Amino acid sequence: MEMETVKLSQIVMKWFPEMIAFFRQKELNSMIVLRDGLSILEQEDALEIIQFSICEHQNQTPLH
């Protein structure tokens, strides 16, 4: 299997579609590189990717 680049929204929609409304558009548009592709991504790995992505976006948000 080759690496595949997908948007975070694709991962969320595959595993946690009920959570889509809780994400900002910028988060959903984040590009994620999957070593073995989306078709064999496990739910635990998807959750880890989502958590990491949220943390990364929070680190980029300036505090007032």
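These remarks concern the structure in this document. Small disclaimer: the values here were computed from a predicted structure and weren't measured.

Moving on: the nonpolar core. With 13 residues, the main nonpolar core has Ile11, Leu34 and Ile50 as its most contacted residues. Looking at this core, the elements with two or more residues in it are helix H1 (8-15), strand S2 (31-34) and helix H3 (43-60). The leading source of residues in this core is H1, at three residues. Dropping the residues within four chain positions of it, leucine 34 is found in contact with Glu2, Met3, Glu4, Val6, Ile11, Leu41 and Ile49.

A few words on H1. When H1 is considered as a whole, its buried residues turn out to be Leu8, Ser9, Ile11 and Val12. For H1, the arc enclosing every buried residue in end-on projection is 160°, short of the 170-degree limit, so these residues lie on one face.

A separate point is the environment of glutamine 10. Here glutamine 10 is to be found in helix H1. According to the relative accessible area criterion, glutamine 10 is partly exposed, its value standing at 38%. In the structure, glutamine 10 is positioned 35 residues away from aspartate 45 in sequence and 14 Å away in space, judged by C-alpha atoms.

Cut-offs used in this document
Residues numbered from 1 in each chain as written. Predicted model: local features only at pLDDT ≥ 70, side-chain atom pairs only at ≥ 80, totals over all residues. Heavy atoms only, no water. Core = buried A, V, L, I, M, F, W, Y, C linked by side-chain atoms within 4.5 Å. Buried < 20%, exposed > 50% of the residue type's maximum accessible area, 1.4 Å probe, protein only. Helix = DSSP H or I, 4+ residues; strand = E, 2+ residues; numbered from the N terminus. Contact = heavy atoms within 4.5 Å. Arc of directions from axis to C-beta.

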